[in-house]
Amino acid sequence: MSTTGNMPRNLKQEDRAQLQAKLELGLQEMGLEILPEQKQKLLDYVALIYKWNQVHNLTAVREPIEMVTLHILDSLSVLTHIECEHLLDVGAGAGLPSIPLAICLPQLQVTAIDAVQKKVSFMRQVKAELGLSNFSVIHGRIEEQAVPSKEMPEKFDVIISRAFSEIALFIKLTKHLLADGGSWLAMKGIVPEHEFKKSAIKPTEIRVLKVAGLDAERHLVVLKQEVAN
């Protein structure tokens, strides 16, 4: 189902064309190739954020053109780093990065969790309107979740966060949900050396992320779970 026809009236045809051009150029600059229908769903998703933001204040980013860079392209900067079957997005907010990843990786089973009801309601609306059968949404606190359960039948290969918390707390709250040999992916701005020093955490790897149109540092902190004997 496409929401294009239901785009907010103040998002005019020329605005949609501008958003599409921005997305196309950004994907090209980042070396990402996705299907035309996936691009359309990403733009429909931006329209839905914009629409809900008028009432529910989902994100601090107000302008759709900025959402393309700061939400969509920023989320897709990790696209080529996702190599798993089951991914959990913690503190997903409006569905970032989980919804763009679910749109562009239809074989990936994506679960998003957030403790704020209005954000969960929004993500469920996006799932319904965009027909994202590979996307599940949970309302609750991450530390209270259990595996196996109805909503989480098995542990996750990858647990990702985008500006959720300090890395030490992120790991502490989610450790019981990560499969043996799985990975935590923490999306960060500058390399959070202070967090490593404070917690004695040693990242497995730190990867530089490129976000088209964004003149700021972005990094992906990778931490692998040790395999139990």
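Report on the accompanying structure. (Residues numbered from 1 in each chain as written. Predicted model: local features only at pLDDT ≥ 70, side-chain atom pairs only at ≥ 80, totals over all residues. Heavy atoms only, no water.)

1. Thoughts on the overall build of the protein chain
Of the regular secondary structure elements, the protein chain holds seven helices and seven strands. From first element to last, N terminus to C terminus, the protein chain shows the α and β order α-α-α-β-α-β-α-β-β-α-β-α-β-β. Its C-alpha atoms give the protein chain principal-axis dimensions of about 55 × 40 × 30 Å. Considering the protein chain as a whole, with its 229 residues, one finds that 49% of them fall into the buried category. Nonlocal contacts in the protein chain, meaning residues at least 24 apart in sequence, comprise 66% of its contacts between residues at least 6 apart. Approximately 11,400 Å² of the protein chain is accessible, and the part contributed by carbon and sulfur atoms is 50%. Here the protein chain carries 26 positive and 28 negative side-chain charges, and the mean point of each set is 5 Å from the other. (Helix = DSSP H or I, 4+ residues; strand = E, 2+ residues; numbered from the N terminus. Buried < 20%, exposed > 50% of the residue type's maximum accessible area, 1.4 Å probe, protein only. Contact = heavy atoms within 4.5 Å. Areas by Shrake-Rupley, 256 points an atom, 1.4 Å probe, with all protein chains shown as cover. Lys, Arg positive; Asp, Glu negative; His and termini not counted. Charge placed at Lys NZ, Arg CZ, Asp CG, Glu CD.)

2. Description of the nonpolar core
Within the largest apolar cluster, 53 residues are counted, with the highest numbers of intra-cluster contacts made by Y45, F122 and F135. Here this core takes eight residues from helix α2 (residues 36–56), the largest share from any one element. Once residues within four sequence positions are removed from consideration, F135 is found in contact with S98, I99, A102, V110, A112, M123 and K127. Counting residues in each nonpolar core, the second largest holds 20 residues, with V90, I113, F196 and I201 among its members. (Core = buried A, V, L, I, M, F, W, Y, C linked by side-chain atoms within 4.5 Å.)

3. Structural notes on helix α5 (residues 117–130)
An ideal rise of 1.5 Å per residue puts 20 Å on 14 residues; α5 measures up with 20 Å between its terminal C-alpha atoms. On its buried face, α5 sits against α2, α4 (98–104), β2 (109–114) and β3 (135–139). One or two positions beyond α5, positive phi appears at G131, with a value near 65°. (Expected span 1.5 Å × (residues − 1).)

4. Observations regarding the environment of E144
When you line up the elements, E144 lands in the loop between β3 and β4 (156–162). Residue class for E144 comes out exposed when judged on its relative accessible area of 59%. As for E144 and R16, which are separated by 128 residues in sequence, their C-alpha atoms are 41 Å apart.

5. Regarding the side chain of D74
Positionally, D74 belongs in helix α3 (residues 64–76). Not counting the four nearest positions on each side in its chain, D74 is found in contact with T69, R162, M187, V211, L214 and R218.

6. Brief notes about the environment of A47
With respect to the helices and strands, A47 occurs in helix α2. Expressed as a C-alpha distance, the spacing of A47 and P64, which sit 17 residues apart in the sequence, is 7.3 Å.

7. Quick look at the packing of α2 against α3
The geometry of α2 relative to α3 is characterised by a closest axis approach of 10 Å and an angle of 125° between their N-to-C directions. In this view, α2 runs oblique relative to α3, as classed from their interaxial angle. The way α2 lies across α3 gives a crossing that is right-handed. Contacts between α2 and α3 involve L42, Y45, V46, I49, Y50 and N53 on the former and, on the latter, P64, M67, V68, H71, I72 and L76. Considering only residue class, the contact of α2 with α3 consists of ten nonpolar, two polar and no charged. (Axes fitted to C-alpha atoms, helices over the stretch in contact; angles between N-to-C directions. Parallel < 35°, antiparallel > 145°, perpendicular 65-115°, else oblique. Left-handed = near helix turned anticlockwise from the far one by under 90°. Nonpolar A, V, L, I, M, F, W, Y, C, P; charged D, E, K, R; others polar.)

8. Looking at the state of the cysteines
By the definition in use, this model includes zero disulfides. There is no disulfide at C84, and the cysteine sulfur nearest it, in C104, is 14 Å away. (Disulfide = S-S within 2.5 Å.)

9. Regarding the sheet that holds β4
Pairing is mixed in the open sheet, where seven strands are placed in the order β3-β2-β1-β4-β5-β7-β6. For this open sheet the edge positions go to β3 and β6 (205–208), each flanked by a neighbour on one side alone. Direction aside, the axes of adjacent strands within the sheet are offset by 20° on average. Across the face of the sheet, α5 comes into contact with β2 and β3 while running at roughly 160° to β3. Running at roughly 150° to strand β5 (residues 178–188), helix α6 (residues 167–174) makes contact with β1 (86–90), β4, β5 and β7 (219–224) of the sheet. (Pairing = 2+ DSSP bridges.)

10. Quick word on the packing of aromatic side chains
A full pass over the atoms with the stated rule returns three aromatic pairs. Seen from their ring centres, W52 and F122 are 5.2 Å apart, and the 65° between their planes marks the pair as edge-to-face. You can see W52 sitting in helix α2 and its partner F122 sitting in helix α5, a full 70 residues away along the chain. When its relative accessible area of 18% is taken as the criterion, W52 is described as buried. Joined through ring pairs, the aromatic side chains of Y45, W52 and F122 make up one cluster. (Phe/Tyr/Trp six-rings, centres within 6.5 Å; stacked < 30°, edge-to-face > 60°.)

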